[in-house]
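# Residue-level structural notes
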Amino acid sequence: MTQQDIIDELNRIVVGYNITWDSIKNDADRAIMKINAHLGAEYPKMSEIMLSPDHRYTLRWNGRDIPIFPERYILTVVIPYIATEVLARDEEFTTIYNKYAMDFDNGLFDMFQNEYHKVPSVFRQDDD
């Protein structure tokens, strides 16, 4: 999923907004911080990896782009988190906000269940 795909999906689900990467990249980074806190990981900020519309949340390894974590979590954790942040800026969308907040929590729980033991050591937080 590219940076542009994320923006397109957010503009689709958060009707009435004209979302740009600059308007949500800090929200994307906060979603990664939440994931890191929940998994005990140190995944890099999205804003440091996704530098242009065609970039994906991947790292270059041996000449190949390797996903940092499965793309489904961008759809089930990162995008719902960003949607909640966008909608939280506008009180009229409380119902939608609560729906995406629940999607985020459910996605984060699912990610923890499936990915906690798969976090590569390079992304693990110190045991301290």
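These remarks concern the structure in this document. (Residues numbered from 1 in each chain as written. Predicted model: local features only at pLDDT ≥ 70, side-chain atom pairs only at ≥ 80, totals over all residues. Heavy atoms only, no water.)

## Digging into the packing of aromatic side chains
Convention followed: Each aromatic pair joins two rings of Phe, Tyr and Trp (for Trp, the six-membered one) with centres within 6.5 Å, and gets the label stacked for planes under 30 degrees apart, edge-to-face for over 60, and tilted for any other angle. In this text, helices come from DSSP runs of H or I with a minimum length of four residues, and strands from runs of E with a minimum of two, each type numbered from the N-terminal end. Burial here depends on accessible area, computed with a 1.4 Å probe over protein chains only, as a share of the maximum for the residue type. Under 20% is buried, over 50% is exposed, and the range in between is partly exposed.
All chains considered together, the criterion is met by four aromatic pairs. Ring centres of tyrosine 43 and phenylalanine 123 lie 5.1 Å apart, and the angle between their planes is 50°; on these two criteria the pair is classed as tilted. Linking tyrosine 43 in the loop between α2 (21-39) and α3 (46-49) with phenylalanine 123 in the segment after α5 (94-115), this pair joins segments that are 80 residues apart in sequence. Judged by relative accessible area, which is 10%, phenylalanine 123 ranks as buried. Cluster of aromatic residues (ring-pair linked, three or more members): Tyr43, Tyr57, Phe69 and Phe123.

## Digging into the environment of isoleucine 24
Our working definition: What makes two residues a contact is simply this: any of their non-hydrogen atoms within 4.5 Å.
Inspection of the secondary structure assignment puts isoleucine 24 in helix α2. Judged by its relative accessible area of 1%, isoleucine 24 is buried. Along the backbone, isoleucine 24 and isoleucine 7 are 17 residues apart, and their C-alpha atoms lie at a distance of 8.6 Å. Setting aside its immediate chain neighbours within four residues, isoleucine 24 contacts Leu10, Ile19, Ile82 and Val86.

## A word on the packing of α2 against helix α4 (residues 72-88)
What counts is decided by this rule: The angle between two axes is taken between their N-to-C directions and runs from 0 to 180 degrees, where each axis is a line fitted to C-alpha atoms and a helix contributes only its stretch in contact. Should an angle lie under 35 degrees it is considered roughly parallel, over 145 roughly antiparallel, and from 65 to 115 roughly perpendicular; all remaining angles are considered oblique. Two helices crossing with the near one rotated counterclockwise from the far one by less than a right angle form a left-handed crossing, whereas a clockwise rotation gives a right-handed crossing. Three classes are used, and their members are as follows: Ala, Val, Leu, Ile, Met, Phe, Trp, Tyr, Cys and Pro are nonpolar, Asp, Glu, Lys and Arg are charged, and the others, Gly among them, are polar.
At a minimum axis distance of 9 Å, the contact between α2 and α4 shows a crossing angle of 125°. It follows that α2 is oblique to α4 by the angle criterion. Taken as a pair, α2 and α4 cross one another with a handedness that is right-handed. Only Val77, Val78, Tyr81, Ile82, Glu85 and Val86 of α4 make contact with α2, whose side of the interface consists of Ile24, Asp27, Ala28, Arg30, Ala31, Ile32, Lys34 and Ile35. Among the residues forming the contact of α2 with α4, the class breakdown is ten nonpolar, no polar and four charged.

## Here we look at unusual backbone geometry
Phi angles above zero are rare outside glycine, and asparagine 62 is one such case at about 50°. On the secondary structure map, asparagine 62 appears in the loop between β1 (58-61) and β2 (64-67). Judged by its relative accessible area of 72%, asparagine 62 falls in the exposed class.

Geometric descriptors of this kind do not, in isolation, establish any biological role.
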